[in-house]
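# Topology and contacts: notes
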Amino acid sequence: SLSRYQPTNQSTMLSRLLLLLSIVTVTAYPNWLKCYVELDNSENVMGSEIMDFEDAVHKVYVEVTDDDIDSPTPSIWKTKGFEFKEGSVVRARLRVPDVLVDEPVMWVMETTAGATFTPPFCDGRRGVGRTHDQEITLTIGAATTKVALWAGWARGFEQVKLTKRTVLWKERSRSEADDEDDEDDEDDEDYEDDYDDDHYEDDEEDSNEL
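Residues numbered from 1 in each chain as written. Predicted model: local features only at pLDDT ≥ 70, side-chain atom pairs only at ≥ 80, totals over all residues. Heavy atoms only, no water.

## Quick look at the state of the cysteines
One covalent bond between the sulfur atoms of two cysteine residues makes up a disulfide. For clarity, the threshold we go by: In what follows, a disulfide is any cysteine sulfur pair within 2.5 Å. Secondary structure is summarised from DSSP: a helix means a run of H or I of at least four residues, a strand means a run of E of at least two, and numbering begins at the N terminus for each. Remark: exposure states derive from per-residue accessible area (1.4 Å probe, protein chains only) relative to the maximum for the residue type, with buried under 20%, exposed over 50%, and partly exposed in between.
In this structure the tally under the stated criterion is one disulfide. Linked covalently through their sulfurs, Cys-35 and Cys-122 form a disulfide whose S-S length is 2.0 Å. In this structure the cystine formed by Cys-35 and Cys-122 twists about its S-S bond by roughly -95 degrees; its chirality is therefore left-handed. Here Cys-35, found in the loop between helix H1 (2-28) and strand S1 (44-45), pairs with Cys-122, found in the loop between strand S7 (115-118) and strand S8 (126-129); they are 87 residues apart in sequence, far enough to count as distant. Given the relative accessible area of 12%, Cys-122 is considered buried.

This is the structure we're talking about:
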């Protein structure tokens, strides 16, 4: 009579194991950042404050491309100086230093107004990934002239850190650019110079760590 109940017990144990594995899988996914939690250093996630880009040991960036995914030539990914056409669809992912390439880097990426992610998360305002090179699609609205992207990332359940912000600009004719306020142009140049300095310094730091 005992053997008659054994298959049922084994089935129950298997069901519980599958349920446990499904819970672990969901927990490991980068949904630690709920939609109501801001993606900045004012928030506390998993028991620790979100760390600023400047304070992180490893510098991680958001990179984008609008190259055709089916193109036989490698896509050109950019972390700055990216311009998009009206109503563009671009791909985004993370750029990490060599020391993190084989690490389980999970992330949540956010966009400013005027663009939405696919697959959508938080009504399209955010996108998620389980590896640094997992790509997500960003659709930019026809009336949008500027988009900023940034992400929070972590390996497993360690402290969440922020990437540098990547700014995308709508393509403009030279006459339109000349008509802009000189002060705005200077601000953009300062931003690019600061970004270059940080970027090269970060690359040097990462190479020294290796």
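## A short note on the sheet that holds strand S5 (residues 89-95)
Applicable threshold: By definition, two strands form a pair when at least two bridges between them are found by DSSP. A fitted line through C-alpha atoms represents every axis, and for helices the fit uses only the stretch in contact; the resulting angles, taken between N-to-C directions, go from 0 to 180 degrees.
What the four strands build is an open sheet, ordered S3-S5-S9-S7; its pairing is antiparallel. Where the open sheet ends on each side, the last strands, each with one partner, are strand S3 (61-65) and S7. On average, each strand axis in the sheet is tilted by 35 degrees relative to the strand beside it, whichever way the strands run. For S7 and strand S9 (residues 136-140), the ladder comprises four bridges, and the chain directions are antiparallel. Its bridge partner being in S9, Thr-118 is matched across the sheet by Thr-137.

## Looking at the pairing of strand S12 (residues 166-170)
The element S12 is largely enclosed, with a buried count of four among its five residues. With three bridges connecting them, strand S4 (residues 82-84) and S12 associate as parallel partners. Bridging from a neighbouring strand, Glu-83 pairs with Trp-169 of S12. Two strands pair when backbone bridges link them, and strand S10 (residues 146-155) and S12 are joined in this way by four bridges, in the antiparallel orientation. Bridge pairing in S12 links Val-147 to Leu-168.

## With respect to the packing of aromatic side chains
What counts here: Two aromatic rings from Phe, Tyr or Trp, using only the six-membered ring of Trp, form a pair when their centres are within 6.5 Å; if the ring planes differ by under 30 degrees the pair is stacked, by over 60 it is edge-to-face, and anything between is tilted. The criterion is that NZ of a Lys, or CZ of an Arg, lies within 6 Å of the ring centre and within 35 degrees of the ring normal, and then a charge sits over that ring.
In the structure shown here, the tally under the stated rule is one aromatic pair. Centre to centre, the rings of Phe-53 and Tyr-61 are 5.4 Å apart; their planes meet at 65 degrees, and the pair counts as edge-to-face. Note on accessibility: Phe-53 and Tyr-61 belong to one class, buried. The side chain of Arg-93 reaches across the aromatic face of Trp-77, ending 3.8 Å from its centre.

## Some details on the pattern of salt bridges
Using the following cut-off: Basic side-chain nitrogens of Lys or Arg form a salt bridge, by our definition, when they fall within 4 Å of a carboxyl oxygen of Asp or Glu.
Here the structure, examined in full by the defined rule, presents 11 salt bridges. Salt-bridge contacts for Lys-170 lead to Glu-86; the nearest nitrogen and oxygen are separated by 3.5 Å. Of this pair, Lys-170 sits in strand S12 while Glu-86 sits in the loop between S4 and S5, placing them 84 residues apart in sequence. When its relative accessible area of 19% is taken as the criterion, Lys-170 is described as buried. Glu-86 sits in the exposed class, given a relative accessible area of 56%. Measuring nitrogen to oxygen at the nearest pair gives 3.2 Å for the salt bridge that ties Lys-161 to Glu-158. Among the charged side chains, a salt-bridge network with shared partners connects Glu-63, Arg-91, Arg-93, Arg-95 and Glu-135.

## Quick word on the side chain of Lys-170
Test applied: Distance and chemistry together define a polar contact, namely a pair of N or O atoms within 3.5 Å, with one atom able to donate a hydrogen and the other to accept it when in protein, and with adjacent residues in sequence counting only for side-chain atoms on both sides. Every residue pair with non-hydrogen atoms within 4.5 Å of one another is taken to be in contact.
Among the polar contacts listed, one links the side chain of Lys-170 to the backbone oxygen of Ala-142, at a separation of 3.4 Å. For Lys-170, the contacting residues outside a window of four places in its chain are Phe-84, Glu-86, Ala-142, Thr-144 and Thr-145.

## With respect to the pairing of S8
Going residue by residue along S8, you find Arg-126 and Val-128 tucked away on one face and Gly-127 and Gly-129 tucked away on the opposite face as well. Note that strand S6 (residues 105-111) and S8 share four bridges and pair antiparallel. If you follow Trp-107 over to S8, its bridge partner there is Gly-129.

## Here we look at unusual backbone geometry
The bulk of non-glycine residues show a negative phi, and the bulk of peptide bonds are trans. For the peptide bond that leads from Thr-118 to Pro-119, omega is 0 degrees, which places it in the cis range. Tracing the backbone through its elements, the reader meets Pro-119 in the loop between S7 and S8. The backbone phi angle of Cys-122 is positive, close to 60 degrees, even though this residue is not glycine. Positive phi outside glycine occurs at Asp-123, with the angle close to 60 degrees.

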